[in-house]
Amino acid sequence: MLPSWRQGAARERLLDFLRTVTTEGGEGYVPPEERIAVFDNDGTLWSEQPMYVQLAFAIERARGLVDERPELAAHPAVAAAIGPDGEARMRNLGMEGLLELVGLTHAGMSTDAFTDLAHAWIRSACHPTLRRPYTSLLYTPMRELLDLLRANGFRTYIVSAGGSAFMRVISEELYGIPPEQVIGSNIRTRYALQNGRPVILREAGLEVLNDGPSKPLLIERVIGRPPIAAFGNSDGDREMLAWTTSFPGARLGLLLHHDDAEREVAYDRHSAFGRLDRALDEASGHGWTVVSMRDDWAQVFPELEATAAAKACP
């Protein structure tokens, strides 16, 4: 079990928790219908540095659209994205600015058309520094954990500040999580008829930002049961972990600490993306397990043949 996890306290904590909640007759037994685990996405299930994957998608889309619709360049989010050092300027706008950019650059598009566009992009785009497809940036140890939880009767959900529609494009293939178990941020949409056919159209406005204290609220609204396990990597996941582990009985909170500069990126308290500061300080008091990417993971990303990587990302 968990072959990409090194022997140590983090791995043992995960396995002990699983044994506790699945052993019938045991003091900590949890019936299958209550076995719910929630996962952040960016920085928890796949890489988020040097920028969120969805931001890379939105910036490329913005640059292409400005040629067709020059008036878009006047909007602050678009101007930041297409200007010099667009990635760095977008960092200052945060996740809310990213989602505003996504809304602006995809307004008037049906949800089906957006899905097709995002799917085509993610199939061909490459990480700027790792030189491998974005679809190969999932963390192998986390995929193993997802599979192990499901094998033990858990339902696994993504609960992330990322856009729901974008994450649903990759969630099932990469993580085995179906679209209906993705809870993310959303831009406004409306029902309309196009050529007599009912469609859902995307609009240029943010409906909900699923970050920080919004995560427990949306979990309650969408799932209707509190999770018994929560996994994150940043201060944006703090309230989700705190709420999950506040209930009596066996509970598990896990924070992934990005401390591996050799195999990925080392960052925490001062990062523009995935800042881990307050949650790191509070982990011990809450009983959360802090996983060291450097020390606890024998492998970070899936194996990828050098020839395949070179062909996909020359």
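Here goes a summary of the coordinates provided. Keep in mind the model is a prediction, meaning the values are calculated, not measured. (Residues numbered from 1 in each chain as written. Predicted model: local features only at pLDDT ≥ 70, side-chain atom pairs only at ≥ 80, totals over all residues. Heavy atoms only, no water.)

Tallied over the entire structure, the rule returns 12 aromatic pairs. An angle of 75 degrees between the planes, with centres 5.9 Å apart, marks the rings of W5 and W297 as edge-to-face. Placement of W5 in the segment before α1 (9-22) and of W297 in the loop between α12 (293-296) and α13 (306-312) is noted, with a sequence separation of 292 residues between them. Accessibility expressed as a relative area gives 4% for W5, which makes it buried. When its relative accessible area of 0% is taken as the criterion, W297 is described as buried. Aromatic ring contacts, followed pair by pair, group F57, F114, W121, Y134 and F166 into a single cluster. The ring of F114 carries the charged tip of R202 above its face, separated from the ring centre by 3.8 Å. (Phe/Tyr/Trp six-rings, centres within 6.5 Å; stacked < 30°, edge-to-face > 60°. Helix = DSSP H or I, 4+ residues; strand = E, 2+ residues; numbered from the N terminus. Buried < 20%, exposed > 50% of the residue type's maximum accessible area, 1.4 Å probe, protein only. Lys NZ or Arg CZ within 6 Å of the ring centre and 35° of its normal.)

Next up on the list: the nonpolar core. Residues W5, L101, Y175 and F231 are the most contacted members of the largest nonpolar core, which totals 75 residues. Ranked by size, the runner-up nonpolar core spans 17 residues in total, among them L218, I223, L241 and A279. (Core = buried A, V, L, I, M, F, W, Y, C linked by side-chain atoms within 4.5 Å.)

Once that is clear, we can look at the pairing of strand β3 (residues 182-194). Bridge analysis of strand β2 (residues 155-163) against β3 gives 3 bridges, and the strand direction is parallel. If you follow V159 over to β3, its bridge partner there is I183. Bridging between β3 and strand β4 (residues 197-208) involves 8 bridges; their strand directions are antiparallel. Bridge pairing links T189 to R202 in β4. Joining the antiparallel neighbours β3 and β4 is a turn of 2 residues, in which N195 adopts a positive phi near 55 degrees. (Pairing = 2+ DSSP bridges.)

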